[in-house]
Amino acid sequence: NLVKTLLNYGSAAQEYFKYASYSLANSYLEESDKALSASISSDYNALKIEDHSDDIEAYSATVEILTSTTIRVYFVEKNGGSFDGYKAYINDVAVDDEDILTKNGRHYVEITNINATDLNKEYTVRFEKTEDEVTSYASVTYSVLTYCYSKQNSQDAALKKFALSLFDYYLAIEDYLR
């Protein structure tokens, strides 16, 4: 089952990224072996957003899967606020300032090289500062499977197939490791 789901995930990635779709990884499987989960349970939706800051707020979270699996969590300034004095944390571990990146006015932090066995692992990214004994923060909790959950009803058929096949691959890994 693990090999079948890996081939289905590979094929879905080929179609989604438009790479060598003339020779799909699962082309030799029987049609019945290409069936994907119909849906992903809300149990896998780890998305939690907390906003306790007048200066910044969570903007979005994405997953990038090209050479490795990466979660990227974005934050933006609000109400004329500033990131001055804020420190970033991933699961309560401080992020080095040089690892806080900016793109199009959005500050973001990346969780890189996520192993296939950790697709369900929840990561909390938090920007926090304390002034006059008052702590302000904004945080996002997210996992790769949260991304899959959010894309399972996409109008983009290739993205939906990609999300469902990645979810099935994760389940097969979990089953294999039991």
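Refer to the preceding data block for the structure.
Report follows, based on the coordinates. Small disclaimer: the values here were computed from a predicted structure and weren't measured.

## Describing the sheet that holds strand β5 (residues 93-94)
Then, in step 1: Strands sit in the order β1-β9-β8-β4-β5 across an open sheet of 5 strands; the sheet is antiparallel. Only two strands of the sheet have a single neighbouring strand rather than two, namely β1 (48-52) and β5.
Then, in step 2: Where strand β4 (residues 87-90) lies against strand β8 (residues 123-131), 4 bridges are found, and the strand directions are antiparallel. Bridge pairing links K87 to E128 in β8.

## Let's talk about helix α2 (residues 144-151)
Then, in step 1: Buried within α2 are the following residues: V144, L145, T146, Y147 and C148.
Then, in step 2: Looking at the buried positions of α2, the neighbouring elements they touch are β2 (56-65), β3 (69-77), β9 (134-142) and α3 (157-177).
Then, in step 3: At the N-terminal end of α2, a side-chain oxygen is found 3.3 Å from the backbone nitrogen of L145, two or three residues along, and the residue is S143.

The rules behind each value
- Residues numbered from 1 in each chain as written.
- Predicted model: local features only at pLDDT ≥ 70, side-chain atom pairs only at ≥ 80, totals over all residues.
- Heavy atoms only, no water.
- Pairing = 2+ DSSP bridges.
- Helix = DSSP H or I, 4+ residues; strand = E, 2+ residues; numbered from the N terminus.
- Buried < 20%, exposed > 50% of the residue type's maximum accessible area, 1.4 Å probe, protein only.
- Contact = heavy atoms within 4.5 Å.
- Polar contact = N/O pair within 3.5 Å; in protein donor to acceptor, adjacent residues only side chain to side chain.

None of the figures reported here should be taken as evidence of function without further support.
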